[in-house]
Amino acid sequence: MAPLPRVFLDIESEEVDGRIVFELFVDKVPNTCENFRCLCTGENAEDLCYRDSIFHRVIADPEFMIQGGDITNHDGTGGRSIYGPQFDDEDLHWRDINERGLLCMANSGANTNSSQFFITLANCEHLNGRHVVFGRVVSGFETLDMFRNVPVDIDDDDRPLKGHEPKIVNCGELVFRKKKKEIEPAGTSLEANDMPMRYPNMSVAASSSTDTSEINKEKEIESEQKEFKHPLLRSRSPRRRQSRSPDDGKSSRKYDRHDRYSKSSHHDRYDRYSESRSRNYESGRLNYERKESSDSDAPIKYKGRGNMKYREKY
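The text that follows walks through the structure, step by step, so that each part is easy to find. (Residues numbered from 1 in each chain as written. Predicted model: local features only at pLDDT ≥ 70, side-chain atom pairs only at ≥ 80, totals over all residues. Heavy atoms only, no water.)

## Some thoughts on the overall build of the protein chain
Move 1: A count of helices and strands for the protein chain gives 6 helices and 12 strands.
Move 2: In the protein chain, 58% of the contacts between residues at least 6 apart in sequence involve partners at least 24 apart.
Move 3: Taken as a whole, the protein chain presents about 22,100 Å² of accessible surface, with 47% of it coming from carbon and sulfur. (Helix = DSSP H or I, 4+ residues; strand = E, 2+ residues; numbered from the N terminus. Contact = heavy atoms within 4.5 Å. Areas by Shrake-Rupley, 256 points an atom, 1.4 Å probe, with all protein chains shown as cover.)

## Details of the layout of surface pockets
Move 1: By volume, the largest pocket amounts to about 290 Å³.
Move 2: Looking at the largest pocket, it is lined by 17 residues, and the ones nearest its centre are Gln-67, Gly-76, Thr-77, Gly-78 and Gln-116.
Move 3: For the lining of the largest pocket, the per-class residue count stands at 1 nonpolar, 12 polar and 4 charged. (1 Å grid on protein atoms, 1.4 Å probe; cavity = no way out; pocket = protein on both sides within 12 Å on 5 of 7 lines; lining within 4 Å. Points joined across faces, edges and corners; volume = space filled by probe spheres on them. Nonpolar A, V, L, I, M, F, W, Y, C, P; charged D, E, K, R; others polar.)

## With respect to unusual backbone geometry
Move 1: Even without glycine at this site, Asp-47 takes up a positive phi of about 60 degrees.
Move 2: Taking relative accessible area as the criterion, Asp-47 reaches 62% and is therefore assigned exposed.
Move 3: Its identity is not glycine, yet Asp-52 carries a phi of approximately 75 degrees, on the positive side.
Move 4: Relative to the elements of secondary structure, Asp-52 occurs in the loop between α1 (30-41) and β3 (57-60). (Buried < 20%, exposed > 50% of the residue type's maximum accessible area, 1.4 Å probe, protein only.)

## Considerations on the sheet that holds strand β2 (residues 17-24)
Move 1: Strand order in the open sheet formed by 8 strands is β3-β4-β6-β5-β7-β2-β1-β10, with antiparallel pairing between adjacent strands. Of all the strands in the sheet, just β3 and β10 (167-174) have a single pairing partner and so form its edges. Taking each pair of neighbouring strands and ignoring which way they run, the sheet shows an average axis angle of 25 degrees.
Move 2: With 4 bridges joining them, β3 and strand β4 (residues 63-68) adopt antiparallel strand pairing. Its bridge partner being in β4, Ala-60 is matched across the sheet by Glu-63. (Pairing = 2+ DSSP bridges. Axes fitted to C-alpha atoms, helices over the stretch in contact; angles between N-to-C directions.)

## Some details on the nonpolar core
Soluble globular proteins: nonpolar side chains tend toward being buried together.
Move 1: Core analysis: the largest hydrophobic core is formed by 35 residues, its most contacted members being Phe-22, Phe-36, Tyr-50 and Ile-119.
Move 2: Within the residue set of this core, elements represented by two or more residues are β1 (6-12), β2, α1, β3, β5 (102-105), β6 (117-120), β7 (133-139) and β10.
Move 3: Beyond its immediate sequence surroundings of up to four residues, Phe-36 is in contact with Val-7, Phe-22, Leu-24, Tyr-50, Leu-103, Phe-117 and Phe-134.
Move 4: In this structure, Leu-102, Ala-106, Phe-118 and Cys-124 belong to the second largest nonpolar core, which totals 12 residues. (Core = buried A, V, L, I, M, F, W, Y, C linked by side-chain atoms within 4.5 Å.)

## Let's talk about the environment of Asp-88
Move 1: Looking at where Asp-88 falls in the secondary structure, it is placed in the loop between β4 and β5.
Move 2: Between the alpha carbons of Asp-88 and Asn-111 there is a distance of 3.9 Å; along the sequence they are 23 residues apart.
Move 3: Not counting residues up to four positions away in its chain, the partners in contact with Asp-88 are Asn-111 and Asn-113.

## Considering the side chain of Thr-32
Move 1: By the element assignment, Thr-32 lies in helix α1.
Move 2: The exposure class assigned to Thr-32 is buried, which follows from its relative accessible area of 1%.
Move 3: At 2.9 Å, the side chain of Thr-32 forms a polar contact with the side chain of Glu-90.
Move 4: Every residue in contact with Thr-32, bar those within four places of it in the chain, is listed here: Phe-87, Glu-90, Met-105, Val-132 and Phe-134. (Polar contact = N/O pair within 3.5 Å; in protein donor to acceptor, adjacent residues only side chain to side chain.)

## Focus on the pairing of β5
Move 1: Of the two faces of β5, the one holding Leu-102 and Cys-104 and the one holding Leu-103 and Met-105 are both buried throughout.
Move 2: Relative to β7, β5 is paired through 3 bridges, and the arrangement is antiparallel. Bridge pairing links Leu-102 to Arg-136 in β7.

## With respect to the packing of aromatic side chains
Move 1: Evaluated as defined, the whole model comprises 9 aromatic pairs.
Move 2: Look at Phe-22 and Phe-36: their rings are 6.0 Å apart centre to centre, the planes differ by 85 degrees, and that puts the pair in the edge-to-face class. A residue pair is termed long-range when its members are at least 10 positions apart, and Phe-22 in strand β2 and Phe-36 in helix α1 qualify at 14 residues.
Move 3: Judged by relative accessible area, which is 0%, Phe-22 ranks as buried.
Move 4: Taken together through their ring pairs, the aromatic side chains of Phe-22, Phe-36, Tyr-50, Phe-55, Phe-117, Phe-134 and Phe-147 make up a single cluster. (Phe/Tyr/Trp six-rings, centres within 6.5 Å; stacked < 30°, edge-to-face > 60°.)

## Thoughts on the pattern of salt bridges
Where charged atoms from two side chains of opposite charge approach closely, those side chains can pair.
Move 1: Evaluation of the coordinates by the stated rule reveals 13 salt bridges.
Move 2: Among the salt bridges present, the one from Glu-173 reaches Arg-37, with a minimum N-O distance of 2.9 Å. Of this pair, Glu-173 sits in strand β10 while Arg-37 sits in helix α1, and the two are 136 residues apart along the sequence.
Move 3: Residue Glu-173 is classed as partly exposed on the basis of its relative accessible area of 30%. (Salt bridge = Lys/Arg side-chain N within 4 Å of Asp/Glu carboxyl O.)

## Remarks on the environment of Phe-87
Move 1: Topologically, Phe-87 is positioned in the loop between β4 and β5.
Move 2: Note: C-alpha distance between Phe-87 and Asn-35 (52 residues apart in sequence) is 9.8 Å.
Move 3: If we skip the residues at most four places from it in the chain, Phe-87 touches Thr-32, Asn-35, Ser-81, Met-105, Asn-111, Thr-112, Asn-113 and Ser-114.

Laid out in structure tokens, this is it:
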């Protein structure tokens, strides 16, 4: 599953200086998340962006929430979305507003979402069902704590005093990158801790010495084991034949390594064939009947080996 997208806001003022990173719940409220993401990156037809906007409402003592995102009037009376002036609520009940660091849409009633948002600083369950929750803070809680020091005018809807407004100086989207695998360069020497694992018969002290006799022995044993093959597992192409050794008279198997079409084997087969052929000729079994000629009146002739013999069939 692909990770959820993350965006950031860099905030500066006399009391606040830091970055807040949000994770967007695109799997729950995709349209609301896309509106916020595009306003962070500026990827929209009207070039709308949160950059240079302020947090116009700060209620941090007692902790409640901080509100911003008015990109048109900068006082909480304006705002605009990438879909137009306003867009509808997507899902108000998929989760409760019950913890610190939740990112929610600010509105003036049902289906009046624009670009304004607020970040909770405490449990706000009394707002359940009235605002869409579309993200959460994943880093930058220390930046949220700095908002406690922002002086506000309580009589003017908790607006920060002039010159103390926390300002969004930069914003955008964070891109996930796959971590590159570390490739061991060729020719890297083995470490002392790795030697006992690769050569179990060696100790750590021996691995650090310059004497390589033990290593050479291991390599020789491995090469011998690779070259050795059990007789039953060898190729069956060589011909086996019985022969007796003149010393002890015991029978032993020897492998005829020559090719079956070599000169010696060919002559052996030819000699055996000649003997059987001569025997068949003596017994009179090698007479071949010739086919009758097209002329039916012609006498049938039989031909044998050696002297030619003819006879007519009546």
